[in-house]
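Summary of the model geometry
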Amino acid sequence: MLRDSKHYLYHRIGKRIADIVGSFSLLLICIPLILLFSIILFIFSGRPIFFTQTRAGLHNTSFTIWKFRTMETKTLDFNGHQYKWQGGVPKDFSFAKPSHLNVTKVGKIYRKYSIDEIPQLWNVLKGDMSFVGPRPEIIEITNHYSEEQKKRLQVKPGITGYAQVHGRSSITHGEKIAHDLYYVKNYSLLLDLKIIIQTGKLVITGKGAY
C-alpha cells in the first residue's frame, strides 16, 4: 500500500468520491443504452437479462456482481469451479471456460466490447467495486490464495485494472497477480486515469477479450 497513511487516506476518499459521482452520472447517461442492450438480449437470447455471481471483494468479503448475460441459459447453473491447490494458485494457471458453457452470438459481441460490464456501474455506486482495481475473482479461487496473492484484495476490485490493460484475458494468473500487486503498491488517481484511458482504447479494438 502507499507508505504515507495520510496520503493513502486522501487518495481513498478522492477515489470513492470519483466512483460515486462517475457511476451515478454514467448510470443516468446509460439508461437508454441499458434499455437497448436489454431489449436486444431479450429478443435474441430470452431471459434472464442479467447474470449475477458471487465474487471476492475488499479483504475477500463476498458480494454479488452484475453483468449482462452472455451465456446460454442452460449453463447458468454450472457450479464446477473446484480446485485443490496447495500453497496458493499456480502462477501458470489460466482460467479456461469449460467447453459446454456456450456463449451466445450476442454475448460474444457484448464480451468483445465489454458491454456486458456496464451493469457493474451499480456495483461501483453501491461501493462493492471501484472503476479501477484488480478484477473481482471468484471465491473458489481466492480461497486458495497464498499470503502474497491475498495482497491484491487490499483494495476494492474494479471494472478495469492494471492487469486488464496489460493483457486482459490473455495472461496467466501469475502475470495478473504481479500486475495487480504493482497497482496495490502504487495506485493513485493519476494512475487510475491512465488505466481508464488505456481501457477505452482496448474496448474499441476488442483486443484480449474472450
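Structure report, in brief.

**Description of the packing of aromatic side chains**
Scanning the entire structure with this criterion turns up 10 aromatic pairs. Aromatic side chains Phe 37 and Tyr 110 sit 5.5 Å apart centroid to centroid with 70° between the ring planes, which places their arrangement in the edge-to-face category. With Phe 37 in helix α1 (residues 5–45) and Tyr 110 in helix α2 (residues 105–112), this pair connects stretches of sequence that are 73 residues apart. This pair shows no difference in class: Phe 37 is buried, exactly as Tyr 110 is. Pairing Phe 68 with Tyr 110 gives two aromatic rings, centres 5.9 Å apart and planes at 65°, and the pair type is edge-to-face.

**Here's the deal with α2**
Taken together, the buried positions of α2 are occupied by Val 106, Gly 107, Tyr 110 and Arg 111. In a view along the axis of α2, the buried residues occupy a sector of 130°, so they form one face of it. With respect to the buried face of α2, the exposed residues turned more than 90 degrees away are Lys 105 and Lys 108. Taken from the residues just after α2, Ser 114 is the one with a positive phi, measuring 60°.

**Side note on unusual backbone geometry**
For residues besides glycine, phi is generally negative; the peptide bonds are generally trans as well. The residue after Arg 47, namely Pro 48, is reached through a cis peptide bond having omega 0°. In this fold, Pro 48 is placed in the loop between α1 and β1 (50–56). The backbone of His 59 shows a phi angle near 60°, a positive value even though the residue is not glycine. Among the structural elements, His 59 can be located in the loop between β1 and β2 (62–68). Overall, the relative accessible area of 57% leaves His 59 in the exposed class. Of note in this structure, Asn 60 is not a glycine but carries a positive phi near 65°. Relative to the assigned elements, Asn 60 resides in the loop between β1 and β2. A relative accessible area of 26% places Asn 60 in the partly exposed class.

So, how was this worked out
- Residues numbered from 1 in each chain as written.
- Predicted model: local features only at pLDDT ≥ 70, side-chain atom pairs only at ≥ 80, totals over all residues.
- Heavy atoms only, no water.
- Phe/Tyr/Trp six-rings, centres within 6.5 Å; stacked < 30°, edge-to-face > 60°.
- Helix = DSSP H or I, 4+ residues; strand = E, 2+ residues; numbered from the N terminus.
- Buried < 20%, exposed > 50% of the residue type's maximum accessible area, 1.4 Å probe, protein only.
- Arc of directions from axis to C-beta.

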